[in-house]
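So the chains spell out like this:
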Amino acid sequence: MNPRATFTFATAQYESGDWDSAPLVPANLIDSVARYTEIDASPSGVIVALGSEAVLRYPLLYLTGHLPVRFTAQEKRMLARYLERGGLLFVDDHNHDVDGMFHKTATEELEAVAGKLAKLPNTHALYSAFFRFEDGPPNTSHELNGWGDNLLHPYLMAAMRGDRIAVLYSNKDYSSEWNFHPDNKRFYSVDNTRFAVNLVVYALTR
Amino acid sequence: MPSPGNRRLLEGGARTAACLALGALLWRAWFPAPAGDVAIRLAGTGGLPQALARAVRTPVASLDLAVDSLPGASDRAVARAVAAAGTTVRWTLAAPPSVSAAVAEPLAEPSGRVRLVTIGRAEAALTVRDAAGAVDSARLSTTGVRAVDATMDGLVQVHGAGVLATTARRDSLVLRPVLVLGRAGWEGKFVAAALEEAGWRVETRFSVAPLVDVRQGAADAIDTSRYSAVVALDESAASRAAAIARYARSGGGVIVTSAAARLTALASVLPARAGEAIVPTLGALSGERPRRALGGVALTSVARDAVTLERTGNRARVVAARVDAGRVLMLGYDDTWRWRMEGDDSGPSAHRAWWSSLVSSVAYAPPVQLSATPAVDEAPLAALVEAWGPPSDLAADTAPPVSSVAWDRLLFAAFLLALLAEWSSRRLRGAR
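What counts, and where the lines are drawn
- Residues numbered from 1 in each chain as written.
- Chains lettered and ligands numbered in written order.
- Predicted model: local features only at pLDDT ≥ 70, side-chain atom pairs only at ≥ 80, totals over all residues.
- Heavy atoms only, no water.
- Domains from an automatic or database assignment.
- Pairing = 2+ DSSP bridges.
- Helix = DSSP H or I, 4+ residues; strand = E, 2+ residues; numbered from the N terminus.
- Axes fitted to C-alpha atoms, helices over the stretch in contact; angles between N-to-C directions.
- Contact = heavy atoms within 4.5 Å.
- Buried area = accessible area lost by both parts, 1.4 Å probe.
- Salt bridge = Lys/Arg side-chain N within 4 Å of Asp/Glu carboxyl O.
- Polar contact = N/O pair within 3.5 Å; in protein donor to acceptor, adjacent residues only side chain to side chain.

(A) Seen up close, the domain arrangement of chain B. Domain assignment breaks chain B into domain 1 (39-94 + 382-402), domain 2 (101-171 + 370-378) and domain 3 (175-365). Taking only C-alpha atoms, the centre of domain 1 of chain B and the centre of domain 3 of chain B are 56 Å apart.

Have a look at this one:
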């Protein structure tokens with residue numbers, strides 16, 4: 001890891017559930033950030049315990065999983081402190097299932113700490129931070145194939161601090177969509193990780 | 001026992017004395033004593049209004065005032081009028097006044113606070129009130145100065161041991177947006193966030209890719225009609241460096257980090273140069289001096305007319321200077337966002353206040369005169385000297401004043417005594 005890098009991709013490790021269900025996502029997204037921008041990104045990501053003070057070094061955190069999520073008291077305290085200071089937590093439901101246990105428990109836990117998750121308008125600055133997504137969050141192949149809850153989720157959810165996103169919550173299963181080796185991008189006519197670049201640019205500029 | 005002849009002589013003398021006293025009283029009533037006959041001396045400020053009223057009623061040659069506190073504006077005006085009518089006014093002050101002057105000036109910050117500067121006797125106790133109530137209660141420093149930054153409305157009153165100075169803000173400052181320039185990164189994000197939270201309007205240009213900026217706000221030219229301050233965080237400001245230098249010279253406020261200081265186009269306006277790297281102190285973010293935990297560089301070759309605002313040990317970290325009509329501040333700290341994220345509970349607010357104060361210290365903020373301001377008495381000591389002249393070496397005389405009224409009482413007493421003596425003498429010898 002480059003200690004002077006502007007941006008280091010951080011994955012949140014929480015005590016319940018399977019926090020490491022998408023191990024290839026960090027490398028893939030770091031590759032995309034380096035590919036499209038001149039952001040000084042660390043070539044490898046870090047895994048950081050959600051209940052530790054170390055999360056405060058990484059103002060963008062990625063959290064995913066399939067299993068029920070129950071934050072410990074320390075994790076809740078630290079997450080509240082993290083969000084209050086300006087951190088952005090991106091949570092993706094790896095089940096892509098609104099009836100799934102991850103969705104039900106994670107949203108409950110997040111709302112207890114960060115407040116109500118509300119629909120993020122598809123005109124939000126997130127969707128034009130770098131690439132332009134006129135229709136809001138891009139659909140994933142898992143949604144289009146009818147897996148999980150067999151729904152296309154037309155929007156993301158967010159808890160705001162002022163006019164900034166504090167928690168961004170996705171039911172779209174980007175964790176599956178982006179969980180592949182970066183070299184395989186060459187097989188895609190359109191890179192499906194472009195939205196991740198928007199997420200990183202938004203986090204670094206707003 | 002006097003003989004009848006002597007008694008008649010005595011009675012005649014008493015009658016004559018009574019007539020003379022009565023005549024003198026009538027004369028004094030008809031022709032008042034001219035100025036120059038009588039002096040008024042006063043010790044202490046308590047009886048000043050009465051003494052001045054007497055001096056107005058009866059012109060006197062001199063008015064010697066040994067006051068122990070500063071008279072108010074009305075007493076100063078009366079004494080000035082008395083002096084203009086020919087009375088010599090001499091005065092002395094028992095001790096330096098607790099409050100000599102107070103002035104309120106608006107600060108160039110969005111909160112609308114004013115800076116109240118009070119000078120007076122060293123360590124004098126004072127209270128500050130405004131239209132809404134008490135603002136501050138404190139002592140002046142050992143050098144006799146106190147500056148208070150607070151929100152104050154209407155007439156501001158500074159009380160101190162019998163002295164009242166009043167002031168009010170006369171101007172309102174026009175604050176324009178702050179432009180933050182840098183690469184997309186945590187520093188730019190959190191500097192912009194801190195300034196927005198402090199109430200500044202913030203526009204940003206964050207470089208993301210070659211020829212791609214993420215922009216907040218319109219793409220306007222950098223000049224004083226558009227921005228109050230410009231913050232250049234790194235070399236990504238290169239394409240705008242010449243415009244930033246022009247902006248500073250024309251009156252704008254500029255903050256430059258050591259990374260941006262490498263831009264040659266900015267060199268002519270910088271108050272210092274970036275020197276050797278400073279190793280941060282581990283664990284200091286939660287201590288009393290959290291900025292010691294921040295890396296960065298020492299600022300060297302500080303310009304002769306520049307001011308070093310912060311040091312780490314003996315190494316300059318924040319330096320500011322005037323550049324023509326503008327101000328440029330140079331920072332030797334990197335990654336100040338860590339203070340906000342990783343500091344103790346006060347970290348976010350301290351980071352916010354620090355960045356806001358930096359911008360405030362350089363911001364271009366043209367004043368606009370307020371249409372209505374209350375009458376003030378900002379410098380009562382200076383106003384006293386202006387009204388009465390410089391203080392005299394006056395030996396305070398605490399004896400009761402000798403005035404024309406005292407003479408009148410003496411004459412009237414002499415008249416009554418003479419009359420009583422004449423009447424008693426006549427009754428004792430049996431005459432009616």
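Moving on from the model shown.
(B) Main features of the sheet that holds strand β7 (residues 133-139) of chain B. Residue and element names in this part refer to chain B. With respect to topology, four strands assemble into an open sheet ordered β7-β6-β9-β10, the strand pairing being antiparallel. What marks the edges here is a single partner per strand, and that holds for β7 and β10 (163-167). Averaged over all adjacent pairs, the angle separating strand axes in this sheet is 20°, with direction ignored. As paired elements, strand β6 (residues 125-130) and strand β9 (residues 156-160) share three bridges and run antiparallel to each other. Looking across to β9, one finds that R129 is bridged to Q157.

(C) A look at the sheet that holds strand β5 (residues 114-119) of chain B. Residue and element names in this part refer to chain B. The strand order β4-β5-β8 describes an open sheet built from three strands, whose pairing is antiparallel. Two strands lie at the open edges of the sheet, namely β4 (101-106) and β8 (145-150), each paired on one side alone. Direction aside, neighbouring strands of the sheet carry axes that sit 15° apart on average. As defined by bridge partners, β4 adjoins β5 across six bridges and the pair is classed as antiparallel. By the bridge assignment for β5, A101 is matched with I119.

(D) Representation of the pairing of strand β19 (residues 307-312) of chain B. Residue and element names in this part refer to chain B. Bridging between β19 and strand β20 (residues 315-323) involves five bridges; their strand directions are antiparallel. Of the residues in β20, the one forming a bridge with E310 is V318. Between β19 and β20, which pair antiparallel one after the other, the connecting turn spans two residues, and G313 there sits at a positive phi close to 65°.

(E) Seen up close, the interface of chain B and chain A. Taken together, the contact pairs 24 residues of chain B with 23 residues of chain A. For the pair chain B and chain A, the two sides together bury roughly 2,200 Å², of which 54% comes from carbon and sulfur. Taken as a group, B:W186, B:K189 and B:M341 account for 32% of the area that chain B buries against chain A, more than any other trio of residues on that side. Inspection of the region where chain B meets chain A yields four salt bridges. One salt bridge in this structure joins A:R57 and B:E342, with 3.8 Å as the shortest N-O distance. Inspection of the region where chain B meets chain A yields 12 residue pairs in polar contact (both at pLDDT 80 or more).

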